[in-house]
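# Structural overview
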Amino acid sequence: MKNVYGIKGNIIYTKIFGKYEVVSNGIIVIENERVKGVYNDLPLKYKNIDIKDYGDKLIIPGFIDLHLHAPQFPNMGLGLDKELMPWLNKYTFPEEAKYENLQYAEDVYKKLIKKIWSVGTTRCCIFNTIHKESTKLLLDLFNKSGLGAYIGKVNMDRESPDILIEDTNKSISETIELIKEYKDKYKLVKPIITPRFVPTCSFELLKSLGEIAGKYDIPVQSHLCENSGEIELVKKLHPECRNYTEVYDKANLLKENKTIMAHCVLVNEEEIDLLRDKKVFIAHCPTSNLNLSSGIAPIRRLIERKVNVGLASDISGGHTLSIPEVITSSAQVSNLKWLNSNKVEEKLTTAELFYLATKGGGKFFGKVGSFEEDYEFDALVIDDSDLLIENNLSIEERLQKFLYIGNSNNIILRYVSGNLINEPIL
Ligand code: GUN
Ligand code: FE
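Residues numbered from 1 in each chain as written. Chains lettered and ligands numbered in written order. Predicted model: local features only at pLDDT ≥ 70, side-chain atom pairs only at ≥ 80, totals over all residues. Heavy atoms only, no water.

As annotated in an unreviewed UniProt entry, the protein is Guanine deaminase from Clostridium saudiense. In UniProt, the protein has this text filed under Function (unreviewed entry): "Catalyzes the hydrolytic deamination of guanine, producing xanthine and ammonia." Quoted verbatim from the Pathway (unreviewed entry) field of UniProt, the annotation for the protein is "Purine metabolism; guanine degradation; xanthine from guanine: step 1/1." (UniProt positions renumbered as here; feature names shortened; annotations may be inferred.)

Next up, the structure:
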């Protein structure tokens, strides 16, 4: 059969929030980039297909990183004893100003993409800087790598340093130019509208971006309710709005299943209702929220209220690109939230967090993040033999160990949309 093949190993993934699907010594059949089924006994019609046998290794969906800043890669680990606004001013904005220089940008992006590949992230959503040309470069380099991504040119036309502020009309026209050029150029790499956040975007700019998002049917990403100082600033800038979320809504930037808001640490009940009604995705960034002393996002509450949630590294507020490390951090902050609620608000389990890191965030990309029928085949093959010390563990327990104590060296193969993706040569 043409374009049909199988992959054999110890398969583990999630269909439902919090519940593992395990098929030991199973075979995933893939046809034209998509999963046809997961089997212990192969149906007769597949008996002649080519099967790659990975023996005792684990096969899991690729990780999804719903929010990160490419130009902040050189700053990873810097200035994390500050809060958001001082950190932006002292470290982030000066670094982002450098991306007018395409040679500098290219050097950073090549290293970044290799790192994203190495940690097992198969799809991600990326903020670049305000610079149009470096954003194009990043889109092109990502496409070469074979990984999937939404990549946005950042918009900012107020409350920003002189080195990093745009004229409103130019910000709009450059955004349109990029969208027209890239919206249908690549299969797995697409543009996304990226107002940095309300403080650095005039309402005129936000409203125009909302119109562009509607006209060209382009998704949107931004930041929301990360830090108390930021929220105070938004209140001062927009006394006419009931809350921060409403500013984005009034600009038509909350698009059904097409908007990601990073953080949402301090959203109130009214805002949660709006986020649910508009089917917004929340990018939970616990490493960043711990580093910048932002707080703990109410993830259990958001999920109970039927808001979509995925996980994200948010480098360089976050100090790691590894989604397994973000899972660990999510579990730890959730444990604290449980304690602080007098043990009322239930902790997030490893299976729940694994779901958020795969199918939860993957939903933003379509049928991605699971091995259910018709899902695009994004997968990692994991050799965890060095993590097993005289134990006889279940597949679920082996996955737990990999998530908590494994690293890139345990990931021996990566598939994206049915294709084996080798280390990018850029
Ligand atoms: N809010 C606005 N810009 C940023 C950024 O670069 N990082 C984080 N963590 N929050 C932001
Ligand atoms: Fe961010």
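So, on to the sheet that holds strand β6 (residues 121-127). If you trace the 4 strands from one edge of the open sheet to the other, you get β5-β6-β7-β9, paired in parallel fashion. The sheet is open, and its two edges are formed by β5 (63-69) and β9 (189-191), each paired on a single side. Strand after strand, the sheet turns through a mean of 15° between neighbouring axes, direction not considered. Along the sheet, helix α11 (residues 323-340) contacts β5 and β6; its crossing angle with β5, the most-contacted strand, is approximately 85°. (Pairing = 2+ DSSP bridges. Helix = DSSP H or I, 4+ residues; strand = E, 2+ residues; numbered from the N terminus. Axes fitted to C-alpha atoms, helices over the stretch in contact; angles between N-to-C directions. Contact = heavy atoms within 4.5 Å.)

Okay, the site of ligand 1 next. Close to ligand 1 lie H69, Q72, L84, W87, L88, R196, F197, H223, E226, H263, S288 and D314. One of the side-chain N or O atoms of Q72 is found 2.8 Å from an oxygen atom in ligand 1. Between ligand 1 and the protein, one listed contact pairs a nitrogen atom with a side-chain N or O atom of E226 at 2.7 Å. The fraction of the free accessible surface of ligand 1 (280 Å²) that becomes covered by protein chains is 100%. Ranked by residue count, the leading element in the shell around ligand 1 is helix α1 (residues 84-96), at 3 residues. Its residues placed into classes, the shell around ligand 1 shows 4 nonpolar, 5 polar and 3 charged. (Near = heavy atom within 4 Å. Polar contact = N/O pair within 3.5 Å; in protein donor to acceptor, adjacent residues only side chain to side chain. Areas by Shrake-Rupley, 256 points an atom, 1.4 Å probe, with all protein chains shown as cover. Nonpolar A, V, L, I, M, F, W, Y, C, P; charged D, E, K, R; others polar.)

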